[in-house]
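In case you want the letters, here they are:
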Amino acid sequence: MAKRFWGGALTAILAGALAACSGASGDSETSEGVEITGEVNLYSSRHYDTDLALYEDFTRETGIRVNRIEAGADALIERIVSEGEFSPADLLVTVDAGRLWRAEEAGILSAAQSDVLTERLPEYLRHPDGLWFGLSTRARVIIYNKAAGELEGLANYEDLTDPAYKGAICVRSSSNIYNISLLSSMIANNGEDAARDWASGVVANFARPPQGNDSANIEAVASGECRISIVNSYYLARYAAQDAENPEVLEAIGVIFPNQETTGTHINISGAGVLKHAPNRENALRFLEYLTEESAQQYFANGNNEYPAVLDVAASSAVEGLGEFKPDTLNAAEIGKGQAQAVRIYDQAGWN
């Protein structure tokens, strides 16, 4: 699944970019007077401004400096593999069960045990062997154009195969990790044959070839270009923000949390794992525990419209405005296992 990035001219480009990123952000900004007593080296594929506030608060609270390198998940995984036992990385932070699974398959993660994390995080947001821990979640929801009328009978992902929706669905490419993980969860919940039928049935109902990101598909539904799509909840919440450029988009669409009477709505996670050769393992585990504190979880909720992984912490008002829902509690490790099967099924169905 992971592409080989390290070779030839591309190696030099990526290595240079990562080195520049490391040099530019090696030291987190801290308040005056903070005595630095240690460090933790973070390789992260998250790129949100609110995460910087998390790092700064952690340093003020503990005296541990957060050094970070930011890049795509696959590039970071390949870099850690290439660095081997000499890697300075303590933690890998990335988005979606599929990418956590890729890190697990690459053999770069190390089991960590923490009573704090076990107590705070539900079982389905923790790897069974402690290889990674969930930090926040997003729901993969169905949206529809309200002006085109209510969609009677559309309550589950499986309902999207109904011929009544022929020519109605727009969605992003099957190569996208969110779609891969969604189908992987369906393989785990319903079996491979059912997942294959679902993919073929949705393809038969496409309004156009898969294209764009979730935001583009949200706007296509709002404009009436297509009637239905599958998107992540935090993209929707962005249109509810006070500084949103086009808040009317959210007013034009309805939201369905699928499978409330069956498996629950599929969620994808942001998560982190301690690395096998972490030079600052104790600090890495302390940082993970900090990320599950209420103040840190509020950063995820209010700063990026994600659902907190700690269940008794409130989500942002924008996300809560979408409605309450029952999540699919399938362990994200199981979702990772079906990734290769999901890709094959999408290819066979013609979901490009």
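It should be noted that the structure appears before, not after, this text.
Parameters at a glance
- Residues numbered from 1 in each chain as written.
- Predicted model: local features only at pLDDT ≥ 70, side-chain atom pairs only at ≥ 80, totals over all residues.
- Heavy atoms only, no water.
- Helix = DSSP H or I, 4+ residues; strand = E, 2+ residues; numbered from the N terminus.
- Rg over C-alpha atoms; globule rule 2.2 N^0.38 Å.
- Buried < 20%, exposed > 50% of the residue type's maximum accessible area, 1.4 Å probe, protein only.
- Areas by Shrake-Rupley, 256 points an atom, 1.4 Å probe, with all protein chains shown as cover.
- Disulfide = S-S within 2.5 Å.
- Contact = heavy atoms within 4.5 Å.
- Core = buried A, V, L, I, M, F, W, Y, C linked by side-chain atoms within 4.5 Å.
- Pairing = 2+ DSSP bridges.
- Right-handed = clockwise from strand over helix to strand, strands pointing away.
- Arc of directions from axis to C-beta.
- Axes fitted to C-alpha atoms, helices over the stretch in contact; angles between N-to-C directions.
- Parallel < 35°, antiparallel > 145°, perpendicular 65-115°, else oblique.
- Left-handed = near helix turned anticlockwise from the far one by under 90°.
- Nonpolar A, V, L, I, M, F, W, Y, C, P; charged D, E, K, R; others polar.
- Salt bridge = Lys/Arg side-chain N within 4 Å of Asp/Glu carboxyl O.

Engineer: How do you make sense of the overall build of the protein when you look at a structure like this?
Structural biologist: A count of helices and strands for the protein gives 15 helices and 8 strands. For the protein, the C-alpha radius of gyration of 21 Å lies close to 20 Å, the compact-globule estimate for 352 residues. When burial is assessed residue by residue, the protein has 55% of its 352 residues classed as buried. Total accessible area on the protein is roughly 14,800 Å²; 46% of this is exposed by carbon and sulfur atoms.

Engineer: How should the state of the cysteines be read in this particular structure?
Structural biologist: Applying the stated rule across the entire model yields 1 disulfide. Linked covalently through their sulfurs, Cys170 and Cys226 form a disulfide whose S-S length is 2.0 Å. One disulfide, between Cys170 and Cys226, carries an S-S torsion of 40° and so falls in the right-handed class. Taken together, the positions of Cys170 in the loop between β4 (133-145) and α6 (177-190) and Cys226 in the loop between α8 (214-223) and β5 (228-232) put the pair 56 residues apart, joining distant regions of the chain. You'll find Cys170 and Cys226 in the same group, each marked buried.

Engineer: So what exactly am I meant to see when it comes to the environment of Pro308 here?
Structural biologist: Secondary-structure assignment places Pro308 in strand β8 (residues 307-308). The contact partners of Pro308, leaving out residues within four places of it in the chain, are Gln297, Ala301, Val313, Ala314 and Ala315.

Engineer: Looking at this model, I keep getting lost on the nonpolar core. Mind explaining?
Structural biologist: In globular proteins that are soluble, nonpolar side chains generally tend to be buried together. Ranked by size, the top nonpolar core spans 78 residues in total, and within it Leu92, Ile218 and Phe287 carry the most contacts. Excluding residues within four positions of it along the chain, Leu92 makes contact with Tyr43, Leu76, Ile77, Ile80, Ala103, Ile108, Gly271, Ala272, Gly273 and Leu275.

Engineer: Could you clarify how one ought to interpret the pairing of strand β2 (residues 64-70) in this entry?
Structural biologist: For a regular strand, side chains alternate in direction, first toward one face of the sheet and then toward the other. Among the 7 residues that make up β2, 5 are buried, leaving the element largely enclosed by the rest of the structure. For strand β1 (residues 38-44) and β2, the ladder comprises 7 bridges, and the chain directions are parallel. Pairing of Leu42 across the sheet is with Arg68, part of β2. One crossover worth recording links β1 to the parallel β2 by way of helix α2 (residues 49-62), and it is right-handed.

Engineer: Just checking my understanding: could you explain helix α11 (residues 281-291) for this structure?
Structural biologist: For the α-helix, the turn length of 3.6 residues means that residues three or four positions removed from each other point alike. Inspection of α11 places Asn283, Ala284, Phe287, Leu288, Tyr290 and Leu291 among the buried residues, and these make up the whole buried set. Along the long axis of α11, the arc covered by the buried residues comes to 160°, so they all point the same way.

Engineer: Even after reading the chapter, I still don't get the packing of helix α3 (residues 73-83) against helix α4 (residues 97-105), so can you show me in this structure?
Structural biologist: For any two helices packed against each other, one specifies the inter-axial angle together with the distance between the axes. α4 packs onto α3 with a crossing angle of 15° between their chain directions and a minimal axis gap of 10 Å. Classed by the angle they form, the pair α3 and α4 counts as roughly parallel. Considering how the two elements wind past one another, α3 and α4 form a crossing that is right-handed. Between α3, through Ala73, Asp74 and Ile77, and α4, the contact on the second element is made entirely by Arg99, Arg102 and Ala103. Grouping the amino acids of the contact of α3 with α4 by side-chain chemistry returns 3 nonpolar, no polar and 3 charged.

Engineer: What should I look at first to understand the pattern of salt bridges in this one?
Structural biologist: Two side chains with opposite charge may pair up if their charged atoms get near one another. Within this structure, the stated rule accounts for 14 salt bridges. Where Glu306 meets Arg46, a salt bridge forms, and the shortest distance between an N and an O atom there is 3.0 Å. One end of the pair, Glu306, is in the loop between α12 (294-304) and β8; the other, Arg46, is in the loop between β1 and α2, and 260 residues separate them in sequence. Judged on exposure class, the residue Glu306 and its partner Arg46 are both buried.

Engineer: Is there a simple way to explain the packing of α2 against α11 in this structure?
Structural biologist: It is at 11 Å that the axes of α2 and α11 come closest, and there the two elements cross at 115°. You can see that α2 and α11 cross each other, and the crossing is right-handed. Counting all contacts with α2, which are made through Leu54, Tyr55, Asp57, Phe58, Glu61 and Thr62, the residues of α11 involved are Asn283, Arg286, Phe287, Tyr290 and Leu291.

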